[in-house]
Amino acid sequence: MRKRKKYRLNLVAILVIVSLILSIYSFYANYTSASEKSYTTYVVAPGDTLWAISKKFYPEQRDILEGVDIICEANSRDGKPLDPIIYPGQVLIIPLR
C-alpha cells in the first residue's frame, strides 16, 4: 500500500513539473515572437509622402494615419518624433507585420 501511495505522489510530482515546464516554454515562445519585430528600410523618392508610404506598406489599415503613426514612431530619435516633412534620399525604417 505504501509503495502505491509513493508511486502516485511521484507521478503527480512529475506531471506538475512537466506542466510547469510546458507553461514556461509556451509563455517564453509567445513573448519572444511578439517582441521580435522585423523591419525593412525604404528610401524616400521624390514626391513621396508619409501617407503614400503608409498606404504602400499597410494597405490593410482602415485608417492610413495609423500606418503613418507606426512609421513615425519607428523613426523617432532620442524621444524626438519624426518630422512629418520627408526628403528624397531619406532612409526610413518600416516595421513589418
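For every chain, the first residue of the written sequence is number 1, and numbering continues from 1 along that sequence. The model is predicted, so local features are restricted to residues of pLDDT at least 70 and side-chain atom pairs to those at 80 or more, both for listing and for counting; the totals for chains, interfaces and linings are taken over all residues. As a convention, hydrogens and water are excluded, and side-chain values are obtained from all of the structure's heavy atoms.

Chemist: I'd like a rundown of the side chain of Ser54, residues and numbers included.
Modeler: Looking at where Ser54 falls in the secondary structure, it is placed in helix α2 (residues 50-57). To sort residues, take the accessible area from a 1.4 Å probe on protein chains only and compare it with the maximum for the residue type: under 20% means buried, over 50% means exposed, and anything in between is partly exposed. What makes Ser54 buried here is its relative accessible area of 0%. Any pair of residues with heavy atoms lying within 4.5 Å of one another is described as a contacting pair. Beyond its immediate stretch of four places on either side in the chain, Ser54 contacts Pro59, Ile64, Gly67, Val68 and Ile71. Secondary structure follows DSSP: runs of H or I at least 4 residues long count as helices, runs of E at least 2 residues long count as strands, and numbering of each begins at the N terminus.

Chemist: I'd love a proper account of the nonpolar core, names of residues and values included.
Modeler: Core analysis: the biggest nonpolar cluster contains 13 residues, and Leu50, Ile53, Ile71, Leu92 and Ile94 have the highest contact counts within it. Leave out the neighbours within four places in its chain, and Leu92 touches Thr40, Thr41, Tyr42, Val44, Leu50, Ile53, Ile71, Asn75 and Leu82. Within this scheme, the nonpolar core is defined by two criteria: the residues are buried Ala, Val, Leu, Ile, Met, Phe, Trp, Tyr or Cys, and they are joined through side-chain atoms within 4.5 Å.

Chemist: For α2, give the residues involved together with the corresponding values.
Modeler: Buried within α2 we find Leu50, Ile53 and Ser54. Relative to the axis of α2, the buried residues are bounded by an arc of 100 degrees and lie together on one face. Contacts from the buried residues of α2 go to β1 (38-43), α3 (64-74) and β2 (91-96). Each C-beta atom gives one direction from the helix axis, and the arc is the one those directions make.

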